[in-house]
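Chain and residue survey
Single-letter residue listing:
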Protein chains: 2
Amino acid sequence: MPRPRSPLLSVDAIVSAALSLVDSTGDFSFPRMARELGVSQAALYNYIDNREHIIELMRGRIFSDRTHADTDDLPWEEALRALAREYRARLVGHPRLVPLLVTQTIQDLAVMGFYEDMATVLGNAGLDVSAIVPAITTVDYLALGSALDLTAPDDAWSAPDDRFPALSLAAAHLKTREERAEAAFEFGLEVLVRGVQQAVARADF
Amino acid sequence: MPRPRSPLLSVDAIVSAALSLVDSTGDFSFPRMARELGVSQAALYNYIDNREHIIELMRGRIFSDRTHADTDDLPWEEALRALAREYRARLVGHPRLVPLLVTQTIQDLAVMGFYEDMATVLGNAGLDVSAIVPAITTVDYLALGSALDLTAPDDAWSAPDDRFPALSLAAAHLKTREERAEAAFEFGLEVLVRGVQQAVARADF
DNA sequence: ACCTGAACACCGTTCAAGT
DNA sequence: ACCTGAACACCGTTCAAGT
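Attention now goes to the domain arrangement of chain A. Residue and element names in this part refer to chain A. According to the domain assignment, chain A consists of domain 1 (11-48) and domain 2 (67-204). Measuring from the centre of the C-alpha atoms in domain 1 to the corresponding centre in domain 2 gives 31 Å. Tallying the contact residues gives eight residues for domain 1 and four residues for domain 2. When domain 1 packs against domain 2, close to 510 Å² is buried across both sides, 59% of that on carbon and sulfur atoms. Area buried by domain 1 at its contact with domain 2 is led by L19, V22 and D23, which between them contribute 64% of it.

Looking now at the nonpolar core. Counting residues in hydrophobic clusters, the biggest one holds 142 residues, and the most contacted among them are A:F28, A:M58, A:L91, B:F28, B:M58, B:L91 and B:Y115. Non-local contacts of B:M58, meaning those with residues more than four positions away in its chain, are made with B:V15, B:A18, B:L19, B:V22, B:F28 and B:L97.

Okay, the relation of the copies chain B and chain A next. Least-squares fitting of chain B to chain A yields an RMSD of 0.0 Å, with the transformation described by 0.0 Å of translation along the axis and a rotation of 180°. Given the turn and translation reported, the copies of this chain are related as if by a two-fold rotation axis. With an isologous cut-off of 70% or more, the 100% of interface residues of chain B that recur at the interface of chain A puts this contact in the isologous class.

What follows concerns the packing of aromatic side chains. All names here are of chain A. Taken as a whole and assessed by the stated rule, the structure comprises ten aromatic pairs over all chains. Note on F30 and Y45: the rings are 5.1 Å apart at their centroids and 5° apart in plane angle, and the pair reads as stacked. Of this pair, F30 sits in helix α2 (residues 30-37) while Y45 sits in the loop between α2 and α3 (51-62), and the two are 15 residues apart along the sequence. A residue is classified by how much of its surface remains accessible, and Y45, at 46% relative accessible area, is partly exposed. Among the aromatic residues, ring-to-ring pairing joins F63, Y87, F114 and Y115 into one connected group. When the ring centre of F114 is taken as reference, the NZ or CZ atom of R66 above it lies at 4.0 Å.

What counts, and where the lines are drawn
- Residues numbered from 1 in each chain as written.
- Chains lettered and ligands numbered in written order.
- Predicted model: local features only at pLDDT ≥ 70, side-chain atom pairs only at ≥ 80, totals over all residues.
- Heavy atoms only, no water.
- Domains from an automatic or database assignment.
- Contact = heavy atoms within 4.5 Å.
- Buried area = accessible area lost by both parts, 1.4 Å probe.
- Core = buried A, V, L, I, M, F, W, Y, C linked by side-chain atoms within 4.5 Å.
- Buried < 20%, exposed > 50% of the residue type's maximum accessible area, 1.4 Å probe, protein only.
- Least-squares fit on C-alpha atoms with pLDDT ≥ 70 in both.
- Phe/Tyr/Trp six-rings, centres within 6.5 Å; stacked < 30°, edge-to-face > 60°.
- Helix = DSSP H or I, 4+ residues; strand = E, 2+ residues; numbered from the N terminus.
- Lys NZ or Arg CZ within 6 Å of the ring centre and 35° of its normal.

In structure tokens, the structure reads:
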């Protein structure tokens, strides 16, 4: 095959192919991407460095196009809730990508933008500077955990078990996994908001 | 090679080999386990079903030998903190195992025992039954996220960046990744404890 | 019952060769 | 500059064959 007049590939096309494979199968590979794109496996390396690079590009993709919400006129509680929920929603949109994301260092600017906005909101709220990173990190843990939960095949919560009476009772009227993951996130977020309120009001936190 | 008088392998030996490979390299494979144990790759299948099975066995290993702490005479706040911290400590003992754990359904009884104990403590505290699973799940997210953080190569928090002034300020006096991960967990846990206190005291949560 | 060797289908990455 | 085909070292799983 001669060199085409216009390239057959692009970074965007590769990232799209990878992301759609992850969404539909839970993973991606070079052979499958190449098949999907109608090129040879080796051709991909003209655009990307390696597998990790593609994962970082997928992270960038799902956090791109962030419209900087004007949270300035909102009470900080509402601003924080909005930021945390949007952050989670980006992950929940591609839950099977999350396991690939959590083992890699974040380099993406859009993600850092989320953190920056949360730091600003918490700083404006009056939270002590030493508590800001722990608070943001808590939001991060809640969002990641909640998104990871959506990838689990089926869980032990739903199966009543005589050996775990307290747990079975608490889990008795549980709805779908999606609702449970969201309820846990909202619970954690609300607890965080109230904790920050307390920390701001009194200096003993 | 004839069949040995006593088996060369055992489930325990396989799990030990897998876990030590995970601890030292971040992953495990059948060829490397077989080399470590001095047997052929195929021999492993006499004791385990597949790769996922080994991961579940590793989960069981790190949560085994749980001494049922008598949390009955403690205030529920202290009991919850103790349970949450022990749960996290088990994961932090093998942080590189955590990425392998998070994508699989929990079947392990010892893990369920942790959940059961937390459900009991929260129920005794007077927390509404509908909030018990969200609260336990929050602890789970915090512990998993905090342990996952320890596996990250090196993070963006530490690098000051003019584009993220609020974040850089908040991250200025950060210590090691270990301390940051633990501080975030403790912050989240404290916020959770106070949130449960509020929810118990007033019914408006 | 417990192990080996060989096979199969998969994977990430490199590299010489083509236009 | 952009692509192909072949190569290499790796992987999980199966299975006939040996004792």
